[in-house]
Structure formats: structure tokens, C-alpha cells
Amino acid sequence: MPTNTASLPIIDLHCDLLVYLTDVPGAHQDNTKEMGASLPALIDGNVKLQVMAIYCPTKPGSTAYAKKQSEAFKALSQAENSLTPVTDPTQLQQALQADGTGMVAAIENASGFCEEDELLEDGFKKLEKIIEDVDRLLYISMTHSLANRLGGGNATSLGITRDGKMLLDYMHGRKIAIDMSHTSDALAFDILEHIDKERLDIPVIASHSNFRAQWQHERNLPNELVQEIVRRNGLIGINFLRSFLNNDKPDAVLDHIMYGIENGASNAICFGADYFYTADEKDLSRLPFYFPDLVHAGVSYSYILNQLQQSLTQAQLEKLAFGNAQTFINRLWATP
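Residues numbered from 1 in each chain as written. Predicted model: local features only at pLDDT ≥ 70, side-chain atom pairs only at ≥ 80, totals over all residues. Heavy atoms only, no water.

(A) Geometry of the overall build of the chain. Of regular secondary structure, the chain possesses 12 helices and 9 strands. Its C-alpha radius of gyration of 18 Å places the chain within 12% of the 20 Å reference for a compact globule of 336 residues. Each of the 336 residues in the chain was classed as buried or not, and the buried ones make up 57%. Long-range contacts, defined here as pairs at least 24 residues apart, represent 74% of the contacts in the chain between residues at least 6 apart. (Helix = DSSP H or I, 4+ residues; strand = E, 2+ residues; numbered from the N terminus. Rg over C-alpha atoms; globule rule 2.2 N^0.38 Å. Buried < 20%, exposed > 50% of the residue type's maximum accessible area, 1.4 Å probe, protein only. Contact = heavy atoms within 4.5 Å.)

(B) Molecular detail of the layout of surface pockets. The computed volume of the largest pocket comes to approximately 690 Å³. Taken together, 28 residues make up the lining of the largest pocket; nearest its centre are Tyr-55, His-144, Phe-276, Tyr-277 and Arg-286. With 3 residues, the top contributor of residues to the lining of the largest pocket is helix 1 (residues 17-23). The class makeup of the residues in the lining of the largest pocket is 11 nonpolar, 7 polar and 10 charged. Here the second largest pocket is characterised by a volume of approximately 220 Å³. Among the elements that line the lining of the second largest pocket, the one with the most residues is helix 12 (residues 314-333), at 3 residues. Among the residues making up the lining of the second largest pocket, the classes are represented as 3 nonpolar, 2 polar and 5 charged. (1 Å grid on protein atoms, 1.4 Å probe; cavity = no way out; pocket = protein on both sides within 12 Å on 5 of 7 lines; lining within 4 Å. Points joined across faces, edges and corners; volume = space filled by probe spheres on them. Nonpolar A, V, L, I, M, F, W, Y, C, P; charged D, E, K, R; others polar.)

(C) View of the side chain of Asn-154. Positionally, Asn-154 belongs in the loop between strand 5 (137-141) and helix 6 (162-171). Take Asn-154: its relative accessible area is 6%, and that puts it in the buried class. Apart from the residues within four sequence positions on either side, Asn-154 is in contact with His-144, Ser-145, Ser-181, His-182, Thr-183, Ser-184, Glu-218 and Arg-219.

(D) Just the side chain of His-182, in detail. On the secondary structure map, His-182 appears in the loop between strand 6 (177-179) and helix 7 (185-198). One polar contact links His-182 to Glu-108, side chain to side chain, over a distance of 2.9 Å. Polar contacts involving the side chain of His-182 include one to the side chain of Asn-154, which spans 2.8 Å. When residues no more than four places from it in sequence are discounted, the contact partners of His-182 are Glu-108, Thr-143, His-144, Ser-145, Gly-152, Gly-153, Asn-154, His-208 and Arg-219. (Polar contact = N/O pair within 3.5 Å; in protein donor to acceptor, adjacent residues only side chain to side chain.)

(E) Seen up close, the nonpolar core. Judged by nonpolar contacts, the single largest core of 111 residues is most densely connected at Phe-113, Phe-240, Ile-257 and Ile-304. Sorting elements by how many residues they give to this core places helix 12 first, with 9 residues. (Core = buried A, V, L, I, M, F, W, Y, C linked by side-chain atoms within 4.5 Å.)

(F) Seen up close, the packing of aromatic side chains. Per the counting criterion, the structure on display carries 10 aromatic pairs. Three or more aromatic residues link up through ring pairs in this structure, and these residues are Phe-240, Phe-271, Tyr-275, Phe-276, Phe-289, Tyr-290 and Tyr-301. Over the ring of Tyr-170 we find Arg-174; its NZ or CZ atom is 3.8 Å from the centre of that ring. (Phe/Tyr/Trp six-rings, centres within 6.5 Å; stacked < 30°, edge-to-face > 60°. Lys NZ or Arg CZ within 6 Å of the ring centre and 35° of its normal.)

(G) Region of the structure containing unusual backbone geometry. Residue Pro-288 is bonded to the preceding Leu-287 through a cis peptide linkage, with omega at -10°. Checked against the element boundaries, Pro-288 lands in the loop between strand 9 (269-271) and helix 11 (297-307). Backbone geometry at Asp-135 places phi at a positive 75°, although glycine is not the residue there. Mapping Asp-135 onto the fold places it in the loop between helix 5 (120-134) and strand 5. Classification of Asp-135 as exposed rests on a relative accessible area of 54%. Positive phi, normally seen in glycine, also occurs at Arg-199, with a value near 55°. Mapped onto the secondary structure, Arg-199 falls in the loop between helix 7 and strand 7 (204-206). Here Arg-199 falls in the exposed class, since its relative accessible area comes to 75%.

(H) Representation of the environment of Cys-114 within the structure. Within the secondary structure, Cys-114 sits in the loop between strand 4 (101-108) and helix 5. Judged by its relative accessible area of 4%, Cys-114 is buried. For the pair Cys-114 and Thr-143, spaced 29 residues apart in the sequence, the C-alpha separation amounts to 11 Å. Discounting chain neighbours no more than four positions away, the residues touching Cys-114 are Thr-63, Leu-119, Leu-120, Gly-123 and Arg-149.

Here you go:
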């Protein structure tokens, strides 16, 4: 019997609503035409937990840029809207059953709390200030596409630095995952080596990345890294951007999901749609950013789950929609 996939709650590991609200003149949280993860789209898509990324480029003023976003998260959490902060497993379970959408923050690029020319210890103090604003972080990405003082991003071949190792040491036991979605391959494996060498308690995820075996792109995960994330009980959030799926194949998102499930990632795979503001894009070759069935949260998840009904069992659909992410978060946030 076909599953009523529209009733499945959704957990998504990555969107850029905070960047949109703080960086785009006239931005509004309800504007689905400009933001795929607008509040109405999240509600229509049955998204019960949305991770809100705090993003910044690596350049002077990066920490002030990120602080505006943590303050925007705090303002959203205090406003009368459909968003509710989620900071523990009990609240997560409540969010999965509620009418609105739960939210939790993450940091996409550690330049958001540490400038290139300041003391690392001062950067950690800024990180604590961000955590005060958002109450809890789900994950931290060391880099974005380029290099910073911690290591190399996707567009580089650089590995980890001394400061990058110190950030990992700082994260030990703090119940914050390290995110591999924007690392170079070298940085990703250096992170794993340092975690193992120092026996650090840091979970590993790729919040919004696809599979390089399915589409050759530096933002997608090589098989060796996929297997390490799986072995460490991490998560891999499928990204909906056309350039990371397949430029010409609208249903490529289904291929990536099936590839992951068929190659050992059935307990790791989830959603990391990566919705962000695209209207100011000057590079026309990047357009459209999303295929029509994936253009916003109100349509994308139900489309994917409906298409996969003939290939996956009810249990597999539930794992993809919310189960794998819920299991990971419950384990991460469990009280010792």
C-alpha cells in the first residue's frame, strides 16, 4: 500500500535563511519567491526541524557579519511566529509532533567567530557569545570554499593548520559536530586523523553534500569520506542544488539518495537542501539553481518521498525524512 509521504515529518540540516534576513534589503521571512526556506514553505513542506546556518565569507569583518545572524536567530526565536528553538531530545520529539517548525543553529565557516588576524582565544570567546544568542549549535564547518586560518576549503587542496587542530581540541566533548561539507579532501582526512590521534569526542557529518561517484564536483563527497562518516555514525544531508546533483538531469537527486542507500549509508542519509537567496546572482551559467520540483521546501521533500515510494520501504522513507537525523541528534545531545 502506498505511503502517505506528505504526513512524514522532515528534518533538514542546512538553509541560509539567517543570511537572507540580515543581508538582503527588504528581506522577509515569509517571502517564498526569494527564499526556498521561507516560513510558509517550511510549514507546507512539513519541516519539523530546520538547521539555520550562520554563514560568512572569510574577510575582514566576518565576525560582525556572523554576529548579526546569531542575533537574527535570537529574534526569530522570540518573535510570535511558527518557529520554536530546539535544544534537547525532548524538545526535538515535541517539534516532530507540533504544527510549526523547530530550529537550531549551526556555523558555516569558523571565520564567523574568528578573524584571520586575531588571537584564537578571542575567537573562542566570540563563539561563546554566539552560543549565548542561539542556545545551542548543532555543528561547525571550519571553512567555506576557500582557505582560512584553520584549513583549506572545497576549492583548495590545503589541509589542516595548527589553529584548526586547536579548534578540534576545543570542540572535544562539547556535543557539537564537525561538518565536512566545505572542507577540501585533505582537510577532511586531516580532521579525522586528529580526532583519532587525540581520541576526541567529536561527531562527524556532511550537512549538505552529495556523492562524487554520482556527480564529479569538489563539493561532493569521495567514497572514502562517505565510508568514514558512515563508520562514525554520522549524517550525510542530500543537497538540492542543481550544480551538485547533475546539471541536466532533474531526477538526479533520486539517484544520489539511492546510491547512498545502496552503498552503506542507509543509516546516515537525510536532507540538507541548502536553500539560499539567489536573485542577485550575476553568473547566468549557475541558473537555475534548483530544478522546478526542488525549488522550495513546500514542494521538494514531498516530491522526493513520493518518487521513492516504489523503491524504498516505509522504514527507509522514515529514516530519510527524519529518523536518521533524529537518532543522530538524540545521541549527540544525550545527557552523560
